Amino acid sequence: MTPSHETTTDPNRSIGQPSMATMEIGVAVFLIGFGALISQDSWKLGARWSELRGPGAGYFPFYLGIALALCGFSILIRAVRLRPKLRVRFIEWHQAVPVLTIFVPTIAFVGSIHFLGFYVASIVFVACFMRFAGRMAWWKCLTYSSLPVVFLFWLFEKRFLVPMPRGKVEALLGL
Amino acid sequence: MESFTYLWHGFQTALTPYNFGLMLLGITLGVLVGVLPGLGGPNGVAILLPLTYGMSLLPGGTTSAIILLSCIYWGALFGGAITSILFNIPGEAWSVATTFDGYPMAQQGRAGEALTAAFTGSFVGALFSVLLITFLAPVIANFALRFGPPAFFGVYFLTFASFSGTSRSPFSKTAAATLFGFILAAVGMDTVSGTLRLTFGFETMIGGFDFLVAVIGLFGLGEILLSMEEGLAFRGGKAKLDLAIVFKTWRDMFRHWKTLLQGCLIGAWMGVKPGGAIAASFMAYAVAKRTGKNPEEFGTGRIEGVIAPETAAHSAGASALLPMLTLGIPGSGTAAVLLGGLMMWGLQPGPTLFAEQKEFVWGLIASMYLSNVVGLIVVLATVPLFAALLRIPFAVIAPFIIVACVMGAYTVHNSMFDVWLMLIFGIIGYLCKKLDYPLAPLTLALILGDKMEDAFRQSLLGSRGSLLVFFSQPLEATLMIAGLILIAWPLVTGRRRKRIGGEGDR
């Protein structure tokens with residue numbers, strides 16, 4: 001459960017880190033803009049009633065966009081009004097670091113699938129995460145990462161016949 | 001009487017060794033999914049859904065597939081209680097109320113008693129709702145066969161409106177999340193005219209967003225990012241559960257039959273509405289506290305405080321399948337993903353399901369009886385194992401959950417684009433949770449968006465563009481007005497509460 005962030009205030013708020021209020025307002029503005037964009041695009045598609053074909057393709061999304069923008073507007077007003085209570089930081093440093101510790105390697109992992117194939121990339125990703133984030137011994141990292149991935153390879157490629165992206169290593173091993 | 005014949009056939013289908021094996025597998029996977037942080041019912045089912053596609057092509061395969069997936073659902077419902085009681089960490093939102101008395105009990109060395117009470121309560125709750133489904137579902141489906149597009153639009157409208165009543169987020173955020181889901185659903189080829197919509201020139205967007213990719217990102221990756229905020233430290237613990245404690249607790253539970261019954265009724269009633277399990281667990285806890293003999297002792301380790309929310313949550317979880325089977329409208333996030341599975345296997349959810357797919361429907365209902373019995377035995381037997389599993393460092397579990405999310409997203413369409421999309425949805429899910437936007441209506445809107453739009457457009461075609469079609473018949477008008485009241489209710493009461501309390505917007 002997320003803790004109720006509106007009741008706690010942090011007087012030592014440092015500059016440079018976004019507060020809850022900034023994030024709330026940012027998302028609200030995004031929603032207004034997104035809603036407007038959707039409506040505008042739907043209007044071009046034909047958001048009006050046609051006697052011949054009934055409601056056009058953009059009819060439903062057009063009103064969805066308008067309603068979303070209105071919601072964004074209401075969220076914006078609420079966030080501005082509650083700003084004194086939303087001074088607390090969106091995320092604390094000691095929380096942001098572990099979040100990035102997993103998120104950045106995840107992006108690298110997904111990127112490396114394009115080159116290494118899914119299975120090799122998985123072993124590298126899991127082993128490195130255990131080593132650098134979990135500070136475990138290298139041999140443990142390699143065993144704990146490769147055994148389950150080999151099992152997954154067998155399960156998906158041999159049993160379920162669901163192909164995952166492959167790299168050069170699988171070909172070299174003749175699998 | 002006709003139903004009983006079908007139910008009997010259903011039992012025969014569900015009891016074949018293959019299906020029974022899938023049941024055991026599903027329950028075990030489900031408990032795992034419910035226990036591990038970062039994996040939950042909707043996400044666990046979503047990751048496995050693409051794998052069931054091959055299964056569904058075999059004769060009778062759709063029944064096997066739904067048995068596997070629904071058992072993951074039951075397992076997750078059971079599993080949520082384990083972490084709540086042992087570690088004060090609710091594995092799922094509906095087990096938050098279980099921590100109030102469950103964790104104090106565990107601290108007093110009564111973890112075995114609390115776990116037995118939670119599992120047995122869950123079992124009784126589910127059984128109650130499954131009985132309800134057996135008797136009510138055919139009747140409701142039969143009634144709904146006469147629904148036209150305006151009535152279906154009314155039912156959809158009521159479904160989404162009830163989110164604003166059960167969600168604890170501000171109304172504007174619930175509405176924004178719902179609308180965002182609808183807009184995502186509209187992307188891609190328009191089902192009526194074939195026009196491309198909202199693709200903004202990107203060819204990859206022609207097929208639209210697959211809800212599975214969204215669910216895996218929103219619930220899976222988003223949840224992992226949120227769990228990581230607590231750092232990598234994750235406390236594991238020991239749990240002992242022997243037969244003597246189980247039988248002793250069962251004997252004690254007879255004295256709490258009133259709490260059990262309250263939980264069943266509240267759960268079954270609330271579960272039909274979306275997001276009901278969470279509200280039901282809290283409500284059952286509050287009712288048990290109010291009607292109990294010593295209300296002030298609640299929160300210090302009363303067994304009723306565990307029985308009530310668990311019974312209600314499981315009862316709600318089961319009754320959430322009632323509208324899914326009869327109307328094609330899921331009552332919970334996981335039910336929504338199951339519904340998506342039905343569509344993927346080529347089944348047409350809705351009232352016709354009961355008429356056309358008798359084997360499937362009754363196989364599922366029969367499996368619900370069996371799997372809850374099996375589930376109770378499995379969880380009672382394996383609690384120490386799952387508790388031990390939590391001693392594995394999070395640094396080992398977290399990357400594997402991400403690998404599972406990537407696999408799940410990729411196998412939907414064998415496309416890396418979906419994996420990147422899943423990452424984006426992960427960020428969205430994380431932001432939504434941090435900023436208190438509810439994810440359940442977003443998911444439901446993404447799944448039901450096209451159907452709701454079809455109902456809307458067909459209704460308007462019939463009425464030549466007049467919105468009054470939704471209010472012209474008594475049934476449609478009742479549904480629409482009930483929906484409007486549900487939407488207006490929190491706005492009215494919220495404003496009044498603020499005037500009296502003078503603070504807060506909730």
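It should be emphasised that the depicted structure is a prediction, and the values quoted were computed from it without experimental measurement.

Draft legend 1. Molecular detail of the overall build of chain A. What chain A contains, in helices and strands, is six helices and two strands. Listed N to C, the secondary structure of chain A is α-β-β-α-α-α-α-α in terms of helices and strands. When contacts within chain A are restricted to residue pairs at least 6 apart in sequence, long-range pairs at least 24 apart make up 63% of them.

Draft legend 2. Seen up close, helix 1 (residues 20–46) of chain A. Spanning 27 residues, helix 1 of chain A covers 39 Å between terminal C-alpha atoms, matching the ideal 39 Å at 1.5 Å per step. Among all positions of helix 1 of chain A, only Met20, Glu24, Val27, Ala28, Leu31, Gly35, Ile38, Ser39 and Ser42 of chain A are buried. Here the buried face of helix 1 of chain A lies against helix 2 (59–81) of chain A together with helix 8 (171–186) and helix 19 (416–435) of chain B.

Draft legend 3. Region of the structure containing unusual backbone geometry. Residue and element names in this part refer to chain B. Its identity is not glycine, yet Asn414 carries a phi of approximately 50°, on the positive side. For Asn414, the location among the structural elements is in the loop between helix 18 (394–413) and helix 19. Backbone geometry at Asp436 places phi at a positive 70°, although glycine is not the residue there. Residue position: Asp436 is located in the loop between helix 19 and helix 20 (439–463). Here Asp436 falls in the buried class, since 20 other C-beta atoms lie within 10 Å of it.

Draft legend 4. Region of interest: the environment of Ser39 of chain A. Residue and element names in this part refer to chain A. Mapped onto the elements, Ser39 comes out in helix 1. Overall, Ser39 belongs to the buried group, with 21 C-beta atoms counted inside 10 Å. Considered as a pair, Ser39 and Ser145 are 106 residues apart in the sequence and their alpha carbons are 48 Å apart. Apart from the residues within four sequence positions on either side, Ser39 is in contact with Phe62, Gly65 and Ile66.

Draft legend 5. The arrangement of the interface of chain A and chain B in detail. Each side of the interface is counted separately: chain A has 51 residues, and chain B has 53 residues. Of all the secondary structure elements, the ones that give two or more residues to the side of chain A that touches chain B are helix 1, strand 2 (54–55), helix 2, helix 3 (93–116), helix 4 (118–133) and helix 5 (138–160) of chain A. Ranked by the residues each element gives to the side of chain A that touches chain B, the list is headed by helix 2 of chain A, at eleven residues. For the side of chain A that touches chain B, the class distribution of residues is 37 nonpolar, eleven polar and three charged.

Draft legend 6. Inspection of the packing of helix 9 (residues 211–228) of chain B against helix 20 of chain B at higher detail. Residue and element names in this part refer to chain B. It is at 10 Å that the axes of helix 9 and helix 20 come closest, and there the two elements cross at 170°. With respect to helix 20, the element helix 9 is oriented roughly antiparallel. Listed contacts from helix 20 to Phe211, Ala214, Val215, Leu218 and Phe219 of helix 9 are Leu439, Thr443, Leu446 and Ile447. When its residues are assigned to classes, the contact of helix 9 with helix 20 shows eight nonpolar, one polar and no charged.

Draft legend 7. Molecular detail of the environment of Leu68 of chain A. Within the fold, Leu68 of chain A resides in helix 2. Classification of Leu68 of chain A as buried rests on a count of 27 C-beta atoms within 10 Å. Sequence spacing of Leu68 of chain A and Ile32 of chain A is 36 residues, and the spatial spacing of their C-alpha atoms is 6.8 Å. With residues up to four places along the chain from it excluded, the contact list for Leu68 of chain A reads Leu31, Phe34 and Gly35 of chain A together with Ala176, Leu179, Phe180 and Ile183 of chain B.

Draft legend 8. Summary view of the packing of helix 4 (residues 61–87) of chain B against helix 5 (residues 96–107) of chain B. Residues and elements named next belong to chain B. Running from N to C, helix 4 and helix 5 point in directions that differ by 55°, and their axes come no closer than 6 Å. One element, helix 4, and the other, helix 5, form an angle in the oblique class. Our pair here, helix 4 against helix 5, has a crossing hand that is right-handed. Contact residues: Ala81, Ser84, Ile85 and Leu86 in helix 4; Thr98, Thr99, Gly102, Tyr103, Met105 and Ala106 in helix 5. Considered class by class, the residues forming the contact of helix 4 with helix 5 number six nonpolar, four polar and no charged.

Rules and cut-offs
Residues numbered from 1 in each chain as written. Chains lettered and ligands numbered in written order. Predicted model: local features only at pLDDT ≥ 70, side-chain atom pairs only at ≥ 80, totals over all residues. Helix = DSSP H or I, 4+ residues; strand = E, 2+ residues; numbered from the N terminus. Contact = placed C-beta atoms within 7 Å. Expected span 1.5 Å × (residues − 1). Buried ≥ 20, exposed ≤ 12 C-beta atoms within 10 Å, placed from the backbone. Nonpolar A, V, L, I, M, F, W, Y, C, P; charged D, E, K, R; others polar. Axes fitted to C-alpha atoms, helices over the stretch in contact; angles between N-to-C directions. Parallel < 35°, antiparallel > 145°, perpendicular 65-115°, else oblique. Left-handed = near helix turned anticlockwise from the far one by under 90°.

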